[in-house]
Amino acid sequence: EDEIISILITDKEFADESGNFDKEIYYKLLAQNEIDAKDYEQMLNDTIVLTKLSALFNLPVSDNELQMLASNFFMQDNLSIAKVEKDNTPVNFKGEENERKMIELWQQYKDEFKTQKYYEISEYFLPVKKDGDFDKVALQAFYEKNKQDYKDFNGKILAYAEVENEVINNFALEQQKGEANKAYLALSKKELEFQRDLNITDNDVYYPTELLNAGKKGAVLKPFVFDKSGQNGYMIVRINSINPARTKTFEEAKDEILPLYALSVQKERLSEKASKALTNFKGKNIGLVSRDSTRNDKAVDEKMMNDGEFSFFLMNVFNANDKEGFVLFDDKAILYTIGAQRLANSAKAQQYRETLTQNVKNIKANELKKELLERLRKRYAVEIYYEMANTTNAVAGVR
């Protein structure tokens, strides 16, 4: 509370002509901005707490901590590696056991297998009538009235001769608007039949699905300009049904599951093959490498790994705790064993000092936050609450 008072009395916005805090000015200014004094003081309270927490989490970094992280980042391993090829034996999808495993895979990733949202609609199309010769004077007048719509990329209004075909098309649409509106009324009153029924998905680039999204089941949409097979005109649509996206059943998703299952089986085979090959493994020595080393073509050629694979391989090696192991790729496994380790020179640690310092701060701050959350959980019960929005929906949360 003393800190809040200190902030208020030093705020020039609430001071009188003598520079002293004036309570009347304080309450008047808050009232003008429709802010309750209690809410404003609570906001100051929260700001103070957050400032203190920020200071708590921004701990200083010692040289020992920097050296430890530098050792982690820039430790050099003397590696020997070898490649194990993937087993290309076809995967068997038949049998109850395979079916059970595929169902488990579907259950694991079923939220990724969705049907497309689609609309069952009826449409009525009125192609624009451009057969007759339009009055040149009327076309020119139409152009003059709407010439702001005919500009080049630089915003310059184009001459009539440059946009004559576009003007004729737009003029024809303008002339046909009345007929389109009559058809809309007749279709709405069921005095006119729609021309055809079809289904439209959200991925249909030719249909303005934003209009369908805004409509409701049974609604007849007002005429909109539409290009149908290269023919411009007005389209009128009735929304017969809106079918939202849903999770596919296993049977519906099975064709998509098969390649994923095949990949998982091949990965399992490859892992078993690599584990066996790791016994009495020697491999080719590629010398000293660190976490940020780039591929040397003489030591590791393209047939073994490309540049991206090599970076991924090193990341996994330096993140692992074992002296030997393997890294799986889609088509192979790379075995490795660490013969010796060496600390990188101090110059490299100095080069990345700023990055290392920030990493140490982040690590310490994250550890403190985890400790703080754990203590808060022990002190305060976590409650799940539901706020009823309407009769069919509820908003859930945790506090």
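Bear in mind the structure is a predicted one, so any value in this text is a computation, not a measurement.

Let's shift gears to the overall build of the chain. The helix and strand tally for the chain stands at 12 helices and 10 strands. Taken over C-alpha atoms, the radius of gyration comes to 35 Å for the chain, far larger than the 21 Å a tight globule of 399 residues would show. Reported as C-alpha extents along the three principal axes, the dimensions of the chain are approximately 90 × 85 × 55 Å. Taken over 399 residues, the chain has a buried fraction of 30%. In the chain, the proportion of contacts linking residues at least 24 apart, taken out of those at least 6 apart, comes to 70%. Accessible surface computed for the chain: about 27500 Å², of which carbon and sulfur atoms make up 49%. When the 57 basic and 67 acidic side-chain charges of the chain are each reduced to a single mean position, those positions are 5 Å apart.

Quick look at the sheet that holds strand S1 (residues 76-85) now. The antiparallel open sheet is built from four strands, whose spatial order is S6-S1-S8-S7. Because the sheet does not close on itself, it has two edges, and the strands there are strand S6 (284-289) and strand S7 (324-328). Pairwise comparison of adjacent strand axes, ignoring direction, gives a mean angle of 30° for this sheet. The sheet contacts of helix H10 (residues 307-319) involve S1, S6, S7 and strand S8 (332-342), and relative to S1 the element is tilted by about 120°.

Going through the model one piece at a time under the given rule, you end up with 20 salt bridges. The salt bridge involving glutamate 104 is made with arginine 100; its shortest N-O contact spans 2.5 Å. Here glutamate 104 pairs with arginine 100, and both are found in helix H5 (residues 96-109), just four residues apart, close to one helical turn. Glutamate 256 is the salt-bridge partner of lysine 248, the closest N and O atoms lying 2.6 Å from each other.

Another point: the packing of aromatic side chains. This model, assessed by the stated rule, comprises 15 aromatic pairs. Relative to phenylalanine 250, the ring of tryptophan 106 has its centre 6.2 Å away and its plane inclined at 70°; by these criteria the two rings are edge-to-face. In this pair, tryptophan 106 sits in helix H5 while phenylalanine 250 sits in helix H9 (residues 250-277), placing the two residues 144 residues apart along the sequence. Summarising the burial analysis for this pair, tryptophan 106 and phenylalanine 250 share the class buried.

This next bit is on helix H7 (residues 164-188). Helical geometry: 3.6 residues make up each α-helical turn, so side chains three or four residues apart lie on a common side. Taking 1.5 Å per residue as the helical rise, H7 with its 25 residues ought to reach 36 Å, and the 35 Å between its terminal C-alpha atoms agrees with that figure. At glutamine 176, H7 is deflected by roughly 40°, the largest bend along its length. For H7, the complete set of buried residues consists of Val167, Asn169, Phe171, Ala172, Leu173, Gln176, Ala180, Ala183, Tyr184, Ala186 and Leu187. Residues of H7 that are buried in the fold lie against strand S2 (118-127), helix H6 (136-146), strand S4 (224-228) and strand S5 (231-243). After H7 finishes, the residue lysine 190 shows a positive phi value of roughly 60°.

Before going further, it helps to spend a moment on the layout of surface pockets. Of the pockets and cavities examined, the second largest pocket occupies roughly 160 Å³. The wall of the second largest pocket is formed by Glu123, Arg196, Leu198, Ile200, Asp204, Tyr206, Tyr207, Phe226, Asp227, Lys228 and Ser229. Broken down by secondary-structure element, the contributors of at least two residues to the lining of the second largest pocket are strand S3 (196-201) and S4. Considering only residue class, the lining of the second largest pocket consists of five nonpolar, one polar and five charged.

To continue, consider the nonpolar core. In terms of nonpolar packing, the biggest core is built from 18 residues, with Leu79, Ile81, Met305 and Phe313 touching the most fellow members. With 13 residues, the next largest nonpolar core counts Ile121, Tyr207, Met235 and Val237 among its residues.

Time to look at the pairing of S7. Taking every second residue as pointing to the same face, the buried face of S7 carries Gly325 and Val327, while none of Glu324, Phe326 and Leu328 on the other face is buried. Here S7 runs beside S8; their pairing, made up of five bridges, is antiparallel. By the bridge assignment, valine 327 is partnered in S8 with isoleucine 334.

This part covers unusual backbone geometry. Positioned with a positive phi, lysine 190 is a non-glycine residue whose angle comes to about 60°. With respect to the helices and strands, lysine 190 occurs in the loop between H7 and S3. Using a relative accessible area of 70% as the deciding quantity, one classes lysine 190 as exposed. Of note in the backbone geometry, serine 229 takes a positive phi value of approximately 55° without being a glycine. Structurally, the position occupied by serine 229 is in the loop between S4 and S5. Judged by its relative accessible area of 81%, serine 229 falls in the exposed class.

An order of S3-S2-S5-S4 is seen for the four strands of this open sheet, with the pairing classed as antiparallel. Two strands close off the open sheet at either side, each with one partner strand: S3 and S4. Across the sheet, the axes of successive neighbouring strands diverge by a mean angle of 50°, strand direction being ignored. Two strands pair when backbone bridges link them, and S4 and S5 are joined in this way by five bridges, in the antiparallel orientation. Bridge pairing in S5 links lysine 228 to glutamine 231. In the packing of H7 onto the sheet, the strands contacted are S2, S4 and S5, and the crossing angle to S5 comes to about 35°.

Calculation notes
- Residues numbered from 1 in each chain as written.
- Predicted model: local features only at pLDDT ≥ 70, side-chain atom pairs only at ≥ 80, totals over all residues.
- Heavy atoms only, no water.
- Helix = DSSP H or I, 4+ residues; strand = E, 2+ residues; numbered from the N terminus.
- Rg over C-alpha atoms; globule rule 2.2 N^0.38 Å.
- Buried < 20%, exposed > 50% of the residue type's maximum accessible area, 1.4 Å probe, protein only.
- Contact = heavy atoms within 4.5 Å.
- Areas by Shrake-Rupley, 256 points an atom, 1.4 Å probe, with all protein chains shown as cover.
- Lys, Arg positive; Asp, Glu negative; His and termini not counted.
- Charge placed at Lys NZ, Arg CZ, Asp CG, Glu CD.
- Pairing = 2+ DSSP bridges.
- Axes fitted to C-alpha atoms, helices over the stretch in contact; angles between N-to-C directions.
- Salt bridge = Lys/Arg side-chain N within 4 Å of Asp/Glu carboxyl O.
- Phe/Tyr/Trp six-rings, centres within 6.5 Å; stacked < 30°, edge-to-face > 60°.
- Expected span 1.5 Å × (residues − 1).
- Bend = angle between axes of the 7 residues up to and from the residue.
- 1 Å grid on protein atoms, 1.4 Å probe; cavity = no way out; pocket = protein on both sides within 12 Å on 5 of 7 lines; lining within 4 Å.
- Points joined across faces, edges and corners; volume = space filled by probe spheres on them.
- Nonpolar A, V, L, I, M, F, W, Y, C, P; charged D, E, K, R; others polar.
- Core = buried A, V, L, I, M, F, W, Y, C linked by side-chain atoms within 4.5 Å.

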